[in-house]
4 protein chains.
Amino acid sequence: VLGCGYWGSKHLRVLSSTPGVDRVVAFDRDGDVLGAVAERWPSVEPASSLTELLEVVDGVVVATPPGTHGTVACAAIEAGCHVLVEKPIATSVAEAEAIVDGAECRGLVLMSGHTFEYNPAVWKLRDLIRGGDLGRVLHASTARLNLGLYRGDVNVLWDLAPHDISILNYVTSSRPDSVSAWAASHAHDTVEDVAYLRLHYGRIGLVAHVHVSWLDPRKVRQVTVVGSRKMAIYDDLAGDERIKVFDKGVVLEPAARQAIPPTASYRQGGMECPHIDFEEPLAVEARAFVDSIRWGSEVVSDGRSGLAVVRVLAAAERSLRLGRPVEVDDGDTCRAAEGPAVAGSAAGTGAHRYNGRLSGRAPGP
Amino acid sequence: VLGCGYWGSKHLRVLSSTPGVDRVVAFDRDGDVLGAVAERWPSVEPASSLTELLEVVDGVVVATPPGTHGTVACAAIEAGCHVLVEKPIATSVAEAEAIVDGAECRGLVLMSGHTFEYNPAVWKLRDLIRGGDLGRVLHASTARLNLGLYRGDVNVLWDLAPHDISILNYVTSSRPDSVSAWAASHAHDTVEDVAYLRLHYGRIGLVAHVHVSWLDPRKVRQVTVVGSRKMAIYDDLAGDERIKVFDKGVVLEPAARQAIPPTASYRQGGMECPHIDFEEPLAVEARAFVDSIRWGSEVVSDGRSGLAVVRVLAAAERSLRLGRPVEVDDGDTCRAAEGPAVAGSAAGTGAHRYNGRLSGRAPGP
Amino acid sequence: VLGCGYWGSKHLRVLSSTPGVDRVVAFDRDGDVLGAVAERWPSVEPASSLTELLEVVDGVVVATPPGTHGTVACAAIEAGCHVLVEKPIATSVAEAEAIVDGAECRGLVLMSGHTFEYNPAVWKLRDLIRGGDLGRVLHASTARLNLGLYRGDVNVLWDLAPHDISILNYVTSSRPDSVSAWAASHAHDTVEDVAYLRLHYGRIGLVAHVHVSWLDPRKVRQVTVVGSRKMAIYDDLAGDERIKVFDKGVVLEPAARQAIPPTASYRQGGMECPHIDFEEPLAVEARAFVDSIRWGSEVVSDGRSGLAVVRVLAAAERSLRLGRPVEVDDGDTCRAAEGPAVAGSAAGTGAHRYNGRLSGRAPGP
Amino acid sequence: VLGCGYWGSKHLRVLSSTPGVDRVVAFDRDGDVLGAVAERWPSVEPASSLTELLEVVDGVVVATPPGTHGTVACAAIEAGCHVLVEKPIATSVAEAEAIVDGAECRGLVLMSGHTFEYNPAVWKLRDLIRGGDLGRVLHASTARLNLGLYRGDVNVLWDLAPHDISILNYVTSSRPDSVSAWAASHAHDTVEDVAYLRLHYGRIGLVAHVHVSWLDPRKVRQVTVVGSRKMAIYDDLAGDERIKVFDKGVVLEPAARQAIPPTASYRQGGMECPHIDFEEPLAVEARAFVDSIRWGSEVVSDGRSGLAVVRVLAAAERSLRLGRPVEVDDGDTCRAAEGPAVAGSAAGTGAHRYNGRLSGRAPGP
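Residues numbered from 1 in each chain as written. Chains lettered and ligands numbered in written order. Predicted model: local features only at pLDDT ≥ 70, side-chain atom pairs only at ≥ 80, totals over all residues. Heavy atoms only, no water.

Observations concerning the pairing of strand E5 (residues 110-113) of chain A
Residue and element names in this part refer to chain A. Covered by surrounding structure in E5 are Leu110 and Ser112 together with Met111 and Gly113, the residues of both alternating faces. Here strand E4 (residues 82-86) pairs with E5 via four bridges, running parallel. Each bridged residue has a counterpart across the sheet, and for Leu84 the counterpart in E5 is Met111. Between E4 and its parallel partner E5, the chain crosses via helix H5 (residues 93-106), and the hand of that crossover is right-handed. (Buried < 20%, exposed > 50% of the residue type's maximum accessible area, 1.4 Å probe, protein only. Helix = DSSP H or I, 4+ residues; strand = E, 2+ residues; numbered from the N terminus. Pairing = 2+ DSSP bridges. Right-handed = clockwise from strand over helix to strand, strands pointing away.)

This is the structure:
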């Protein structure tokens, strides 16, 4: 484990009881942090340097600040280590591509730390969509709110939205082709702490909205998926009621779909909470990583899925600066198409990003 | 009471036991609806025409479909009646202005049906802000979600957002100067059923976000206000816990406000639910209307406040078409400034409003 | 309506819009109360005396203090009026019998004001039991808590427990044959404000516990029914989730039922909230009363069911005094049978621990 | 750690990161269980026998089935080990006394595993009572419900009620002098799975009720304390709202305390959730045990408090058999006094209805 802060120490705890793990070695540039780890987890071996650590392990968990993910992950890959990189796997598309390319060239396991793809409640949500229980997915909205943690080197968008984007991509088996973003900074002068995303999944005709905040009195972790047949809410904090499926809907006859005023009726059925055998997602993720190293099994959240999330975040960041929707670069094809949009939009204005105190950050590219 | 549908029948019930009301007279163009009213409320007198009704009453509640508010309210005013118009008071700024001007010319009471301004929980929220308990207001967000009702002649924005805008204006004693909007239609081809607003209250340095939906499995009625000292949540469905005040905050030393990475600490105090003597807001509103007619007392939600809400809605509707923020016209001063923004934005694209099924509605003005 | 206090005024409101009701006449010995009624409900006619009221109406709702129910209801019956008596229909078995006998002799409708038997959520609970969804009913427990109202002339047992007893009798289609009670007074010197009942439904092998309180900070209205197949919770304050059905259970092989230690496994399935078309129970009750008068339709909560509840309450009151379980008198048939049980109670002492399957454990030391 | 089942493995996890613990050694008679422990916790050392374990450690956690606590704890004490015994510390008063006497003779630490006395929310509840915030404590009620676990060698009373009794004793700094009990078995033929206790704390004029169940669809962990000034609810599953303090009460003038009917008014104030720095209670408990061994610091839940809980449980078990209230033996003094109560219980029968202020109502006919 590289980096023993909030997430790093969770990985240490989990790896200490993951089958197939012989030694857990930790490194952190901050000696005090490393000392505290050694005291709290007697069975964890502290390393004296990154190099030393990379020499003695087969796989590495990168839990350093996001801005360093690119450098650290590439170093680990060059040392021949399999890598699990915490989300976001990098803070630029170029870096994320470098990590993915590096791991693919060397045939190493690269796993993105999208914990929610190892969450049994999210599996259930995906099953409901894939199995057709919800019908065609019409709309989705998410909320991931809390007080803090203002951390490291990224804003709330890069810190929290990776979860929502990875969940939405995962449960719909799709990826957004364009994104709009709103954000605002309040506590800090320039680091945004409240953001909204609007994701357009053109292939499946879905619009999804994401609300993330470091500045809310409640802890909220919700995903709502509205289908043409049923609707579902996934609330990660709801214990036995993590998934609620509502047998509800709006019924509009085809002819009525264009009538003004609309003459809708409503299907108001019951609600169901399927039973979910819950297990700590980080433990499932750790097992998947270890198994992939040992047996070559495929991981769900591979490097490419991590890269896809970074592409969306980078597009959202651009939308913030440009004040308009931005297409998501999905590889060579799109890179050309995207160029002009960036170029001709100087007038797009930074007005989309207020902060109530005059942003110190220059708009535009 | 003109119009005896969902809201009209609530007004009939409430007026039947409002002190100072001698007779309750009802009219609806649909004879069946009127017949049902007569059966259910034996003490309500049905009128045979709008004209007849206007002749026998002092004050009128306009609860017809929103698109008719302008015409009906003006007719009532011309007949010399005091008027309470359901929200939104009109579906265009011009109509709203006509109503306000008409009532002011004739010295008649004009009240906007912003029920939440008669809600004791909203009063408490305003007191918390005015009294300084929350400190400076940094951020606000609202959610007003439900399944349906797809109704009448307006989209979800004009149907639900008037509540949120009137609450925000009321509790902050301010008005937004610009607005961005996202919306999408799902059940119907062109009538939007999900919308997000971003309201910029420049004078007080506040950004507020509004989420309204007719396509959600849950009924949600929430307003979150984040202040520099405390934070509050108003949940209209939470019974004795309608208002929660959290003694929480982010503590950033002035020097740290620009530091990267931010080094924040958090104040994690307790939570308090003040006691609120709750009374049905519609009954309070009815009393205010009747008292204003009888004794000339001022109403909180006067015609001008209703007009202010319509201005925001009209700007939001324009933002939907233009795909960018739009300034809110606040009378003569702004009308000029607003012009160019409309003119030079043809390229703004309708892309902000997806509906997954190719909108039948042409973008732009 | 006789008695225009808390419940009386609810009846006035409901009767004012009940089909088939031509006139609503009210009487209360307290002139101020009656005056307030006249002001609030202009269409209600105040009567100047009980006698006058009885002369002009076909049916009477008795909503006076419980201690007067017997006298007032008998007077109404003698005057030839159909009667709906609020719960409990009397405060002694003798009085309740007199009311029932009086109404039966004269062929008048006698209805007990057990509102919950007109509650669609309670109907659903009964359907779940009757339809076999829950399997055999093993256990039930209820909680009906609030702060106050300390009222009138009865303790918390007579005030609140009638609801729980009527619900339990109704959903199980059975009646308890013995009862134990605990109670305590805190705010007042002698009027009990907290009580627990233990009801033994011998015919169906069920033990049910009831907890009622006037001295609790929360409002609670819950009934839990544990069956051999599924379990259900009815929470009257839970909106759309009034009924929750849990597909859960303990699985003990027949052989394991006597093994020590028990080796149980657990069925942990999902949870379901059936949709319930909710309607205000008091309005349903009022319609049932009026229909019974007009068309002779049978009422669910007839006089005999009200008498059955009073018998349980009287037995519970005796249990409080005696400090042991007391059999419930169920009319002539049982009166004899009960005698010996009371007299030679040695065989009864183990009754504090029923198990519906004859406990294998010997009673006594 | 002796016994590596449900609770034992929790202790293993917690001790693995408790400061001051050099080695964690485990023993379980079931080799498979021990093997699983070794696999899951690589740093835990399995012992090959109880004797071997007792030789190499300073302190022992006894987490074997309750019926063996007495024997195992005494063996550990004889071997000179400090002991933490899971609740209940024994299944008979005699055994509990033997453990306490043994530890006191040898000057060893004896700690009862009453986890809730190490729960910061329970500390807050005690502070509210001691600090006078609640006024005089009038009433308390608890509910500890779940589906299962039917376990080992005790019924639900001995399994769950120790928590409630230890919490009540702890927060009131008192002990009950008599107890009544109801219980019933449903899933198993003889092992009770639902029980109610009524505890009389004569010295402080308090009646408390306890409801424990293995046969309920919900997990419930609640304690309600009603004081003469305020009321509090402690809900262990409510996250940030574990403690709610309600500024509510019944106001009865002294003169009105005996008036019939009572004329009460109600104080309906706000609600407050104090902030609680929560920490896993088992970890706090483990630290307290280790510190007590190392530095001789006193433990809150010492052997005598564990013995006090066993006395109440034993009395409750007798009440179940006798069908009436039973006095709690509190050592030599009371043993004599208790005798007659059992023998000629006439004088005790009124005890079913305490009110803390000497009921004015005569017991029994």
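A closer look at the interface of chain A and chain D
Facing the five residues of chain A at the interface are five residues of chain D. Of the roughly 500 Å² buried between chain A and chain D, counting both surfaces, carbon and sulfur atoms make up 56%. At the junction of chain A and chain D, the tally comes to zero salt bridges. Where chain A packs against chain D, one counts zero residue pairs in polar contact (both at pLDDT 80 or more). When grouped by side-chain class, the residues that make up the side of chain A that touches chain D number one nonpolar, three polar and one charged. (Contact = heavy atoms within 4.5 Å. Buried area = accessible area lost by both parts, 1.4 Å probe. Salt bridge = Lys/Arg side-chain N within 4 Å of Asp/Glu carboxyl O. Polar contact = N/O pair within 3.5 Å; in protein donor to acceptor, adjacent residues only side chain to side chain. Nonpolar A, V, L, I, M, F, W, Y, C, P; charged D, E, K, R; others polar.)

A short note on the pattern of salt bridges
Taken as a whole and assessed by the stated rule, the structure comprises 52 salt bridges over all chains. Among the salt bridges present, the one from Arg23 of chain B reaches Glu45 of chain B, with a minimum N-O distance of 2.7 Å. Of this pair, Arg23 of chain B sits in the loop between helix H1 (6-15) and strand E1 (25-26) while Glu45 of chain B sits in strand E2 (residues 45-46); the two residues are 22 residues apart in sequence, bridging distant segments of the chain. On the accessibility criterion, Arg23 of chain B (45% relative accessible area) is partly exposed. Classification of Glu45 of chain B by relative accessible area gives partly exposed; the value is 27%. Between Arg287 of chain C and Glu279 of chain C there is a salt bridge, with its nearest N and O atoms 2.7 Å apart. On the accessibility criterion, Glu279 of chain C (32% relative accessible area) is partly exposed. Through salt bridges that share partners, Glu241 and Lys244 of chain A together with Glu241 and Lys244 of chain C make up one connected network.

Some remarks on the interface of chain D and chain C
Contact with chain D, which involves 70 residues of that partner, is made by 70 residues of chain C. In this assembly, chain D packs against chain C so that about 6500 Å² is buried in total across both faces, 58% of it on carbon and sulfur atoms. On the surface where chain D and chain C come into contact, there are zero salt bridges. Inspection of the chain D/chain C interface yields twelve residue pairs in polar contact (both at pLDDT 80 or more). Ranked by residue count, the leading element in the side of chain D that touches chain C is strand E10 (residues 215-227) of chain D, at seven residues. Across the side of chain D that touches chain C, the residue classes tally to 33 nonpolar, 22 polar and 15 charged.

Details of the relation of the copies chain D and chain C
Screw-axis analysis of chain D against chain C gives a translation of 0.0 Å along the axis, an RMSD of 0.0 Å, and a rotation angle of 180 degrees. In the structure described here, the two chain copies are related by an operation that fits a two-fold rotation axis. Scanning chain D for the C-alpha nearest the rotation axis identifies Arg324 of chain D, at a separation of 3.3 Å. Of all interface residues in chain D, 100% are interface residues in chain C too; the two copies therefore contact each other through one and the same surface. (Least-squares fit on C-alpha atoms with pLDDT ≥ 70 in both.)

Let's talk about helix H8 (residues 281-295) of chain C
Residue and element names in this part refer to chain C. Here H8 contains 15 residues, and its C-alpha end-to-end distance of 20 Å stays within 8% of the 21 Å for a straight helix at 1.5 Å per residue. Of the positions making up H8, those classed as buried are Pro281, Leu282, Ala283, Val284, Glu285, Ala286, Ala288, Phe289, Val290 and Ser292. Following H8 by one or two positions, Gly296 has its phi on the positive side, about 75 degrees. (Expected span 1.5 Å × (residues − 1).)

A look at the packing of aromatic side chains
With the rule as written, the count across this model stands at 20 aromatic pairs over all chains. Aromatic pair Trp182 of chain A and Trp182 of chain B: ring centres 3.8 Å apart, planes at 10 degrees, arrangement stacked. Here Trp182 of chain A is found in strand E7 (residues 178-184), whereas its partner Trp182 of chain B is found in strand E7 (residues 178-184) on a different chain. Here Trp182 of chain A falls in the buried class, since its relative accessible area comes to 0%. Taken together, a centroid distance of 6.0 Å and an interplanar angle of 70 degrees make the contact between Tyr196 of chain A and Tyr196 of chain B edge-to-face. A residue pair is termed interchain when its members come from two chains, as with Tyr196 of chain A in strand E8 (residues 194-201) and Tyr196 of chain B in strand E8 (residues 194-201). (Phe/Tyr/Trp six-rings, centres within 6.5 Å; stacked < 30°, edge-to-face > 60°.)

Focus: the relation of the copies chain A and chain D
Once turned by 180 degrees and shifted 0.1 Å along the axis, chain A lies on chain D with an RMSD of 0.0 Å. The fraction of interface residues of chain A whose copies in chain D are also interface residues reaches 100%, indicating that both copies meet through the same surface.

Some details on the sheet that holds strand E4 (residues 82-86) of chain D
Residue and element names in this part refer to chain D. Taken in spatial order, the three strands line up as E3-E4-E5 in an open sheet, and their pairing is parallel. Looking along the sheet, the strands with just one partner apiece sit at the ends: strand E3 (59-62) and strand E5 (110-113). Each neighbouring strand pair of the sheet contributes to a mean axis angle of 15 degrees, computed without reference to strand direction. Here helix H4 (residues 69-78) sits on the sheet in contact with E3 and E4, set at roughly 170 degrees to E4. (Axes fitted to C-alpha atoms, helices over the stretch in contact; angles between N-to-C directions.)

Take it as geometry only, folks, not as evidence of what the structure does.
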